[in-house]
Amino acid sequence: MAIVLYDLVGADGRRFSSNCWRSRLALAHKGLDCETVPTRFTEIGQIGDGSFKTIPVIEDNGTWVGDSWAIAEYLDDTYSDRPPVLAGSDGRQHARFVQDWSRSRISPLVMTMIVEDIHAQLTPEDKEYFHATRSKRLGRDINSIQEGREERVLELRERLEPMRRVVAETPFLGGELPTYADYVAFSPFIWARSTSPFALVEPGDPVHAWFHRVLDLYDGLARNNPGYDW
Ligand SMILES: N[C@@H](CCC(=O)N[C@@H](CS)C(=O)NCC(=O)O)C(=O)O
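Draft legend 1. Highlighting the overall build of the chain. Helix and strand counts for the chain come out as nine helices and four strands. Going from the N terminus to the C terminus, the chain shows its helices and strands as β-α-β-β-β-α-α-α-α-α-α-α-α. For 230 residues, the compact-globule estimate of 2.2 N^0.38 gives 17 Å, and the chain sits close to it at 17 Å. C-alpha extents for the chain along the principal axes are approximately 50 × 45 × 30 Å. Counting over 230 residues, the chain shows a buried share of 52%. Carbon together with sulfur atoms contributes 51% to the accessible area of the chain, which is approximately 10,400 Å² in total. Taken as two groups, the 26 positive and 35 negative side-chain charges of the chain have centres that lie 3 Å from each other.

Below, the structure written as structure tokens:
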């Protein structure tokens, strides 16, 4: 039976959640069948027993797991006969470092470059919800936050230097083959590509080439999602 993944969607069905894409790629990495349930922000509270505040959430034959990291651990523990996505304890530590680096140094900066573009992709109910929650979270109205992104993207590209040096040498952060570390680092990029024409990286940058390698994985699973080609 396919594993069910509750996946965040925009008004036209595009999948744009950085967190959900990590789990979607982890499932593909392990060759596990996955059935996605398109879910809007305002529908998350209706999932399962109603206790989930965020997605991704998976349901696997009656077992419910929320939180992308917990899902990756659950998949490796439960399907240890398949390729490990976290790749053992070293892989786990590596992915943990990349996740915390990306969450503290990359995603918050990317948010300031695409928050209005995300809002534009939502249904009316989700627009209202997103505007209220993100303006509160960011401490000001989201409608002015993107200004100056042309300058801030230079700062972002500077912050990418540690991973740029690795993917200039090996195809993936995981080495010759991708691991969860790649899916974590990829998540803010697919978030942006799915919602915004504003290019975070440009051709010629090793990070851009790596991004396109991950877009092509699993028969172009992420590339086939509606988005902007940069
Ligand atoms: N720690 C969670 C965070 C998940 C998360 O924040 N997901 C967002 C979608 S990208 C969400 O569900 N937000 C609900 C909301 O803002 O109400 C994970 O890694 O899965």
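Draft legend 2. Structural context of the packing of helix H3 (residues 88–120) against helix H7 (residues 180–195). For the pair H3 and H7, interaxial distance at closest approach is 9 Å and the crossing angle is 0°. If you check the angle between H3 and H7, you find them roughly parallel. In this structure, H3 uses His94, Ala95, Val98, Gln99, Ser102, Ile106, Ser107, Val110, Met111, Ile114, Asp117 and Ile118 to contact H7, whose residues at the interface are Tyr180, Ala181, Val184, Ala185, Pro188, Trp191, Ala192 and Thr195. Along the lines of polarity and charge, the residues of the contact of H3 with H7 split into 14 nonpolar, five polar and one charged.

Draft legend 3. Broad picture of the packing of helix H1 (residues 18–29) against helix H2 (residues 68–78). Where H1 meets H2, the closest approach of the two axes is 9 Å, and the angle between their N-to-C directions is 10°. Here H1 is positioned roughly parallel relative to H2, judged by the angle of their axes. Between H1 and H2, the residues in contact are Asn19, Arg22, Ser23, Ala26 and Leu27 and Ser68, Ile71 and Leu75, respectively. Per-class residue counts for the contact of H1 with H2 are four nonpolar, three polar and one charged.

Draft legend 4. Focus on H3. Here H3 spans only 40 Å end to end across 33 residues, well under the 48 Å set by a 1.5 Å rise per residue. Along H3, the largest kink reaches about 60° and is centred on isoleucine 114.

Draft legend 5. Structural view of the packing of aromatic side chains. A full pass over the atoms with the stated rule returns 12 aromatic pairs. Pairing phenylalanine 41 with phenylalanine 130 gives two aromatic rings, centres 5.7 Å apart and planes at 35°, and the pair type is tilted. Within this pair, whereas phenylalanine 41 is found in the loop between strand E2 (34–39) and strand E3 (57–60), its partner phenylalanine 130 is found in helix H4 (residues 124–138), the two being separated by 89 residues in sequence. Comparing phenylalanine 41 with phenylalanine 130 shows no difference in burial state: the two are buried. Members of the aromatic cluster, each reached through a chain of ring pairs, are Phe186, Phe189, Trp210, Phe211 and Trp230. The side chain of arginine 24 reaches across the aromatic face of tryptophan 21, ending 5.4 Å from its centre. Sitting over the ring of tryptophan 69, arginine 96 keeps its end group 4.5 Å from the ring centre.

Draft legend 6. Just the domain arrangement of the chain, in detail. The domains assigned to the chain are domain 1 (3–78) and domain 2 (88–220). Each of domain 1 and domain 2 has a C-alpha centre, and these two points are 19 Å apart. With 22 residues of domain 1 at the contact, the number on the domain 2 side is 27 residues. Both sides together, the interface formed by domain 1 and domain 2 hides about 2,300 Å², and carbon and sulfur atoms give 63% of it.

Draft legend 7. Spatial organisation of the nonpolar core. Among the nonpolar cores identified, the biggest contains 71 residues, and Leu75, Leu156, Leu160, Tyr180, Phe186, Leu200 and Trp210 are the most heavily contacted of them. Per-element accounting of this core gives the leading share, 11 residues, to H3. Three or more residues apiece are contributed to this core by two domains, here domain 1 (3–78) and domain 2 (88–220).

Draft legend 8. The pairing of E3, seen in detail. Every second residue of E3 is oriented toward a common face, with Val57 and Glu59 on one face and Ile58 and Asp60 on the other, all of them buried. Here strand E1 (residues 3–8) pairs with E3 via three bridges, running antiparallel. Its bridge partner lying in E3, leucine 5 is registered against isoleucine 58. In terms of strand pairing, E3 meets strand E4 (residues 63–66) through four bridges, oriented antiparallel. Opposite glutamate 59, over in E4, you have tryptophan 64 as the bridge partner.

How each quantity is defined
- Residues numbered from 1 in each chain as written.
- Predicted model: local features only at pLDDT ≥ 70, side-chain atom pairs only at ≥ 80, totals over all residues.
- Heavy atoms only, no water.
- Helix = DSSP H or I, 4+ residues; strand = E, 2+ residues; numbered from the N terminus.
- Rg over C-alpha atoms; globule rule 2.2 N^0.38 Å.
- Buried < 20%, exposed > 50% of the residue type's maximum accessible area, 1.4 Å probe, protein only.
- Areas by Shrake-Rupley, 256 points an atom, 1.4 Å probe, with all protein chains shown as cover.
- Lys, Arg positive; Asp, Glu negative; His and termini not counted.
- Charge placed at Lys NZ, Arg CZ, Asp CG, Glu CD.
- Axes fitted to C-alpha atoms, helices over the stretch in contact; angles between N-to-C directions.
- Parallel < 35°, antiparallel > 145°, perpendicular 65-115°, else oblique.
- Contact = heavy atoms within 4.5 Å.
- Nonpolar A, V, L, I, M, F, W, Y, C, P; charged D, E, K, R; others polar.
- Expected span 1.5 Å × (residues − 1).
- Bend = angle between axes of the 7 residues up to and from the residue.
- Phe/Tyr/Trp six-rings, centres within 6.5 Å; stacked < 30°, edge-to-face > 60°.
- Lys NZ or Arg CZ within 6 Å of the ring centre and 35° of its normal.
- Domains from an automatic or database assignment.
- Buried area = accessible area lost by both parts, 1.4 Å probe.
- Core = buried A, V, L, I, M, F, W, Y, C linked by side-chain atoms within 4.5 Å.
- Pairing = 2+ DSSP bridges.

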